[in-house]
Amino acid sequence: MASSRLANKPLADIAGLPMVVRVAQRAAQSGALRTVVAADDVRILQACAEHGIEAIATRADHASGSDRLAEACVALGLDADDVVVNVQGDEPLIDPQLVHSVAALLARQPGASMGTAAHAIASLDEFHNPNVVKLVLDASGCASYFSRAPIPWTRDLRGSDWWNGAAAEAQPRVTALAGFAPLRHIGIYSYRAGFLRAYPTLPQAPTEAIEQLEQLRALWHGHRIAVHLAEDAPGPGVDTQEDLERVRARFA
């Protein structure tokens, strides 16, 4: 509610419904057994109640969304193996299939504590933008690392869009890189509830503090994060009034 760029953001009207209600409705279309809004403001809880959305009150001093979900998991009494997906409350265009796919990762990757998503980066501007979080996968489809820096960085083709195939024509010895696009992280997570309850007790990782990326805490402590590769970027979230107007136009 205290968003500096868009005051009272969760309750912003989108075609007659508060944004948080629109997000919950989209999330429910994923096939989830239960959709719950976790919020620290009574006005959000009231808006959800008025529109038949289950909501739970959480503390206002959580450092991250994962910490807030951990409190909600305890309050909801979830079993350790239950899968929870964290959908941000400012994404009224979230694709329900994306939510489903990120949840399904943990059934296919029994060794992973978390799941998330990514899509191929298509431009050098995105690749070099520190606000675009990049990640590198291992052979099993789990994340090796997340960074605001351009990764992976090619020593011999600095600044080139080496993933579009042109690099292979210029330097045959990097032919294997053709089509190997760097990946942009999509900020959606699935968790096993048991891990999520333990997450707030893990000491902050140095890499997390440096990059300001909470998922690095899990990697630092040896937990694996499975990654769903989406074909396209997700629908835009809402951070500003201009974002809100674009989303309103989509619903109209």
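Residues numbered from 1 in each chain as written. Predicted model: local features only at pLDDT ≥ 70, side-chain atom pairs only at ≥ 80, totals over all residues. Heavy atoms only, no water.

What follows deals with the state of the cysteines. Disulfide: a covalent bond formed between the sulfur atoms of two cysteine residues. Applying the stated criterion across every chain yields a total of zero disulfides. Free of any disulfide, Cys 73 has its nearest neighbouring cysteine sulfur in Cys 48, separated by 17 Å. Among the residues examined, Cys 73 registers a relative accessible area of 3% and is labelled buried. (Disulfide = S-S within 2.5 Å. Buried < 20%, exposed > 50% of the residue type's maximum accessible area, 1.4 Å probe, protein only.)

Taken as a whole and assessed by the stated rule, the structure comprises twelve salt bridges. Among the ionic pairs, Arg 184 bridges to Glu 126, the shortest N-O distance being 2.6 Å. Of this pair, Arg 184 sits in strand E9 (residues 183–192) while Glu 126 sits in helix H5 (residues 124–128); the two residues are 58 residues apart in sequence, bridging distant segments of the chain. Put simply, Glu 245 and Arg 248 hold a salt bridge, and the shortest N to O gap is 2.9 Å. Of this pair, Glu 245 and Arg 248 are both found in helix H10 (residues 241–251), three residues apart, which corresponds to roughly one turn of the helix. Residue classification places Glu 245 among the partly exposed residues on the basis of a relative accessible area of 38%. (Salt bridge = Lys/Arg side-chain N within 4 Å of Asp/Glu carboxyl O. Helix = DSSP H or I, 4+ residues; strand = E, 2+ residues; numbered from the N terminus.)

Under the defined criterion, the tally for this structure stands at three aromatic pairs. Seen in terms of ring centroids, Phe 127 and Trp 153 are 6.5 Å apart; in terms of plane orientation they differ by 10°. Their pairing is stacked. Highlighted residues: Phe 127 in helix H5 and Trp 153 in the loop between strand E8 (143–147) and helix H6 (166–170), separated in sequence by 26 residues. (Phe/Tyr/Trp six-rings, centres within 6.5 Å; stacked < 30°, edge-to-face > 60°.)

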